[in-house]
Amino acid sequence: MHACYRLQHRVRLLPRHEEKTVILVGGTIHTGTGEVIENGTIVFTAGKITSVGKSSDIKTDGTGNEVIDVTGKQVYPGLIFPNTSVGLVEFGSGVEVATDNRELGDLNPNVRAIAAYNTDSHVIPVIRSNGILLAQIVPIGTLLPGTSSVVQLDAWNWEDAAYKIDNGIQLGWPRKAAAGGRGGVAYAQLALAGAGNYEKNIESLEKIFSDAVAYAAVEKPADKNLRLEALRGLFDGTKTLFISSSEPKGIIAAISFGKRYGVKKMVLATADESAWIVKEFLKENNIPVLLANPLSVPKYDYSDTRLPFKLAAMFVKEGILVGLTYSSPAYGNLPFAAGQTVAYGLSKEEALQTVTLNTAKILGIGDKTGSLEVGKDANIVVSSGDLLDMATNNVELAFITGRSISLDNKHKQLYRRFEAKYESIK
């Protein structure tokens, strides 16, 4: 009740965007579309990109505008972190009050992750410093754990943070048997709890989806059902069904289930080696994938030891839309996971797309962000080195819808504190 009151009475504390015109001049612009512009200029006003191209081709007037020389710097679209618990879980485990990403029960499509999002999380500024500016926050659990939302990572409250509210329903497809291969990946918990109750769980899903289809056929039901109302968007394409299944048969069963009930958009949210086994089925049904744990060990004993590093390039070669996510609490490593794919088949610009434009398309925000193109939100990162390279990533400037954001964080504060301490005792 208290949470509901707070949600209803919060006020916006940050403007949606920066009104003034900002001009970044002289940098190497990685547009996120595959194009790289040397000695480029990018102009944004009222939070939107108005010009981008070679400096020699763009006439700019610095009068009254903020002009920033980024010569020698690398300019990127802000990175997007899908399928994450950022802002919902402060610690990995052991501190219950720091975890708010799961509710009791198996069928909770009406549970909204945005309601629990903690904008004061100390994790957020840390990952922001590595160039991650947007995230899709998701609840976890079994069967239908809830509804995800996309947030921007510089906010005072959930209203400030909301970038695309309730963009998708999470589905953890139940298992028929215990997990095989090397377990231990966090995302698998969506489905693991269903082991041993497969038939019962399928029956529950059939029942709620049958009811939801009938409910969606009524424009204004006399009695509002919050669970069925949450599923309504799946049948008109305003929401996406994000499927988690870690076994090939489960992936096929879940997608076939969605098709049977007329779900318009589906994404395989925790893809790994099992998804590769059914790649032809994914292609036939035009299902994008979010690769989970691209820096993990192989899933099966018989697998190529470097297969997790190669999968992104393998899916791209097959024409399947690929985004990357990262299940480990070390969320800030997402750009480096993308960088790792460069050594295993992707070009640098293709790797960048797996954490920018591809992910934006998968999350349904590709028309607003994910690339540096005229008309899109000015979500921009400036680094002195390669953003995807752990050795040179050094984000110096970042903008969310044109607003310059702080890049300070707890790690940097502790570094400065102890640096000063030990300098003082030399």
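Check the entry above for the structure.
Presented here is an overview of the structure given in this document. (Residues numbered from 1 in each chain as written. Predicted model: local features only at pLDDT ≥ 70, side-chain atom pairs only at ≥ 80, totals over all residues. Heavy atoms only, no water.)

**Concerning the overall build of the protein chain**
Phase 1 of the analysis: When helices and strands are tallied, the protein chain shows 15 helices and 16 strands.
Phase 2 of the analysis: Within the span of the protein chain, comprising 426 residues, buried residues form 54% of the whole.
Phase 3 of the analysis: Long-range pairs, those at least 24 residues apart, make up 68% of the contacts in the protein chain between residues at least 6 apart in sequence.
Phase 4 of the analysis: In the form shown here, the protein chain has an accessible surface area of approximately 19000 Å², with 52% of it arising from carbon and sulfur atoms. (Helix = DSSP H or I, 4+ residues; strand = E, 2+ residues; numbered from the N terminus. Buried < 20%, exposed > 50% of the residue type's maximum accessible area, 1.4 Å probe, protein only. Contact = heavy atoms within 4.5 Å. Areas by Shrake-Rupley, 256 points an atom, 1.4 Å probe, with all protein chains shown as cover.)

**Considerations on the environment of Gly 258**
Phase 1 of the analysis: Looking at where Gly 258 falls in the secondary structure, it is placed in helix α8 (residues 248-260).
Phase 2 of the analysis: For Gly 258, a relative accessible area of 0% translates into the label buried.
Phase 3 of the analysis: A C-alpha to C-alpha distance of 9.1 Å links Gly 258 and Phe 209, two positions 49 residues apart in sequence.
Phase 4 of the analysis: Leave out the neighbours within four places in its chain, and Gly 258 touches Val 263 and Met 266.

**Quick notes on the nonpolar core**
Phase 1 of the analysis: In terms of nonpolar packing, the biggest core is built from 83 residues, with Phe 81, Phe 209, Leu 268, Leu 282 and Phe 315 touching the most fellow members.
Phase 2 of the analysis: Counting residues per element, this core draws most heavily on helix α5 (residues 198-216), at seven residues.
Phase 3 of the analysis: Not counting chain neighbours up to four residues away, the residues in contact with Phe 81 comprise Val 86, Ile 127, Ile 132, Leu 134, Ala 135, Gln 136, Thr 325, Tyr 326, Tyr 331 and Leu 334.
Phase 4 of the analysis: Within the second largest apolar cluster, 15 residues are counted, among which are Leu 24, Ile 29, Ile 37 and Ile 49. (Core = buried A, V, L, I, M, F, W, Y, C linked by side-chain atoms within 4.5 Å.)

**Points about the side chain of Lys 279**
Phase 1 of the analysis: Along the polypeptide, Lys 279 turns up in helix α10 (residues 279-284).
Phase 2 of the analysis: An unpaired buried charge is present at Lys 279: no salt bridge exists, and Glu 280, the closest side chain of opposite charge, is 4.6 Å distant.
Phase 3 of the analysis: Sequence-distant contacts of Lys 279, defined by excluding residues within four places in its chain, comprise Phe 315, Glu 318 and Ile 320. (Lys, Arg positive; Asp, Glu negative; His and termini not counted. Salt bridge = Lys/Arg side-chain N within 4 Å of Asp/Glu carboxyl O.)

**A short note on the side chain of Asn 83**
Phase 1 of the analysis: Position of Asn 83 among the secondary structure elements: in strand β6 (residues 79-84).
Phase 2 of the analysis: The contact partners of Asn 83, leaving out residues within four places of it in the chain, are Gln 136, Val 138, Gln 170, Ala 269, Thr 270, Leu 290 and Thr 325.

**Examining the sheet that holds β6**
Phase 1 of the analysis: Overall, mixed pairing links the eight strands, which are arranged β6-β7-β8-β9-β10-β11-β12-β13 in an open sheet. Each edge of the open sheet carries a strand with a single partner, namely β6 and β13 (322-324). Each neighbouring strand pair of the sheet contributes to a mean axis angle of 25°, computed without reference to strand direction.
Phase 2 of the analysis: Against the sheet, α5 engages β8 (143-152) and β9 (162-172), with an angle of about 65° to β8. (Pairing = 2+ DSSP bridges. Axes fitted to C-alpha atoms, helices over the stretch in contact; angles between N-to-C directions.)

**Concerning helix α12 (residues 334-342)**
Phase 1 of the analysis: Of all nine residues making up α12, seven are buried, and the element is well covered by its neighbours.
Phase 2 of the analysis: Looking at α12, one finds that the buried residues are Leu 334, Pro 335, Phe 336, Ala 337, Ala 338, Gly 339 and Thr 341.
Phase 3 of the analysis: Where the residues of α12 are buried, they touch β6, β7 (132-137), α11 (307-317), β13 and α13 (348-353).

**Observations regarding the pairing of strand β3 (residues 48-54)**
It is a general feature of regular strands that their side chains alternate between the two faces of the sheet.
Phase 1 of the analysis: For strand β2 (residues 36-45) and β3, the ladder comprises six bridges, and the chain directions are antiparallel. Within the sheet, the bridge partner assigned to Thr 41 lies in β3 and is Gly 53.
Phase 2 of the analysis: Taking the residues between adjacent antiparallel strands as the criterion, β2 and β3 are bridged by two residues, where Ala 46 takes a positive phi near 50°.

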